[in-house]
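Coordinate analysis (summary)
This is what each chain is made of:
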Amino acid sequence: MLTKAPRGTKDILPKQSYKWHYVENAVREIAERFGYSEIRTPIFEHTELFERSIGETTDIVGKEMYTFEDRGERSITLKPEGTAPVVRALIENKLYADAQPTKLYYITPIFRYERPGAGRYRQHHQFGIEVFGAINPAVDVEVMHLAMSVYKKLGLKNLELRINSVGCPKCRVKYNELLKQFLEPKLDNLCGTCHTRYEKNPMRIIDCKNDSCQVQVENVPLMLDNICEECSSHFEGVKKYLKIIGIDFVVDPKIVRGLDYYTKTAFEILSDEQGKKGTLCGGGRYDELVKQCGGPKTPGIGFGMGLERLIASLETQGIEIPKPKQPDIFIVTMSDEAREKGYKIIAELRDEGILSRIDYLDRSVKAQFKYANKVNARFRIILGEEELKNETVTLKDSLTSINEELTLDELAIKIKEKLGRA
Ligand code: ATP
Ligand code: MG
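Residues numbered from 1 in each chain as written. Chains lettered and ligands numbered in written order. Predicted model: local features only at pLDDT ≥ 70, side-chain atom pairs only at ≥ 80, totals over all residues. Heavy atoms only, no water.

Here we take up the environment of glutamate 64. Along the chain, glutamate 64 turns up in helix α3 (residues 59–64). Linking glutamate 64 and arginine 122, residues 58 residues apart in sequence, is a C-alpha distance of 8.9 Å. The contact partners of glutamate 64, leaving out residues within four places of it in the chain, are Asp59, Phe111, Arg112, Tyr113 and Glu114. (Helix = DSSP H or I, 4+ residues; strand = E, 2+ residues; numbered from the N terminus. Contact = heavy atoms within 4.5 Å.)

Written out as structure tokens, the structure is:
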């Protein structure tokens, strides 16, 4: 127990972390390109926030939240998704009073008590964005374009954008009636959770992961065929703008999404790895959520993009991720006196911005050279008897095999010159 990470979690080790930096830098660059600013909200919130926003008939609230009582007897929940905390922050800090729309992004850990499996963890990470204050379908398309741009920048292929409209509270009431009529004779074959869904939010049944429930909803009436004028013209707008900017998509009327707060647009981006589809990104519009959480009526749209799955897809598609920087220099010392001088030189070189390494384990000269090779340093700086006497060092270029004796004053300048950083 003591030396095992909790089930469903994993360490991001030094051999992996550079991939995370690469992906995080890419998403930040894209977010900035589209005019989004970062927001960081706490890792935990009051449980009520998630219960009220995500919805009690969802898997997340029903069985996936990490909820506990803190020492002040408040019910606290680790962030199971990114949108609700941002909505809370928007209201609390009155961000809606700034020039609209408010365009935000975040990179955050997400906690869900799920059955761990391929691409499924109990702590995962999402890059997410949220836009508030604009109902224009062009914004929905901006959000989808942003997600696709991240994948494009990273070189990911075989992606599919699927879109749907899940309607609004107006058309949902009528649709729910229709759905209930259809489902009533099938109730006996639905799971227990779906019985609750039937009463509270029948549309969620379409999203049930239970195979036997899936059979029952095969020919279910679709929200998309029953949306109101307003939702329909909004959806037409989304399709029109996607076509204008040349993003391929398919309409998938069965996308419901795992959160209750979605209205109108819902979308997913799937990757197709040798016929095995995985969801890389999910999002949608939530025009009622801010009001529902106690703020002024403010439309919103956003997405959450899983970073573990993104990195796994990069790996399966064999996409090259630039390796971390190698050290510029390694100082090899040939005596105790040289070693002391080496510590002084390395401090100076580091102050000059040179990526520098030295041995701290009293390695033999031979072992120091071996270690310098292992860490792949471009230059070796050799400090022996001769160099100490002359107050110089020998700079050995591993690329050209040229050796030069240099004074300490010229050392940093020379290295930078050779590295093209002068
Ligand atoms: P799924 O249908 O795979 O459970 P979801 O609909 O629950 O996904 P969202 O809540 O939309 O997922 O989260 C957005 C993205 O976060 C997903 O598309 C996926 O890439 C990633 N994600 C969700 N849950 C997990 C998890 N448990 N482990 C790793 N990544 C996840
Ligand atoms: Mg899920």
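There is more to say after this.
Reading across from one edge, β1-β5-β6-β11-β10-β9-β7-β8 is the order of the eight strands in this open sheet, with mixed pairing throughout. Each having just a single partner strand, β1 (37–38) and β8 (250–251) make up the two edges of the open sheet. With five bridges connecting them, strand β10 (residues 276–285) and strand β11 (residues 300–306) associate as antiparallel partners. Among the inter-strand pairings, glycine 282 is bridged to a residue of β11, identified as glycine 304. In the packing of helix α9 (residues 229–245) onto the sheet, contacts are made with β7 (159–165), β8, β9 (263–273) and β10, and the angle to β7 comes to roughly 160 degrees. (Pairing = 2+ DSSP bridges. Axes fitted to C-alpha atoms, helices over the stretch in contact; angles between N-to-C directions.)

With that settled, the discussion passes to the packing of aromatic side chains. Applying the stated criterion across every chain yields a total of eight aromatic pairs. Measuring from ring centre to ring centre gives 5.6 Å for phenylalanine 330 and tyrosine 371, while their planes differ by 90 degrees; the resulting arrangement is edge-to-face. Separated by 41 residues along the polypeptide, phenylalanine 330 in strand β12 (residues 329–333) and tyrosine 371 in helix α13 (residues 365–374) bring together distant segments of the chain. For phenylalanine 330, a relative accessible area of 0% puts it in the buried group. Every member of this aromatic cluster is reached through a ring pair, and the members are Phe132, Tyr261, Tyr262 and Tyr286. Over the ring of tyrosine 198 we find lysine 180; its NZ or CZ atom is 5.3 Å from the centre of that ring. The ring of tyrosine 371 is capped by arginine 363, whose NZ or CZ atom sits 4.0 Å from the centre of that ring. (Phe/Tyr/Trp six-rings, centres within 6.5 Å; stacked < 30°, edge-to-face > 60°. Buried < 20%, exposed > 50% of the residue type's maximum accessible area, 1.4 Å probe, protein only. Lys NZ or Arg CZ within 6 Å of the ring centre and 35° of its normal.)

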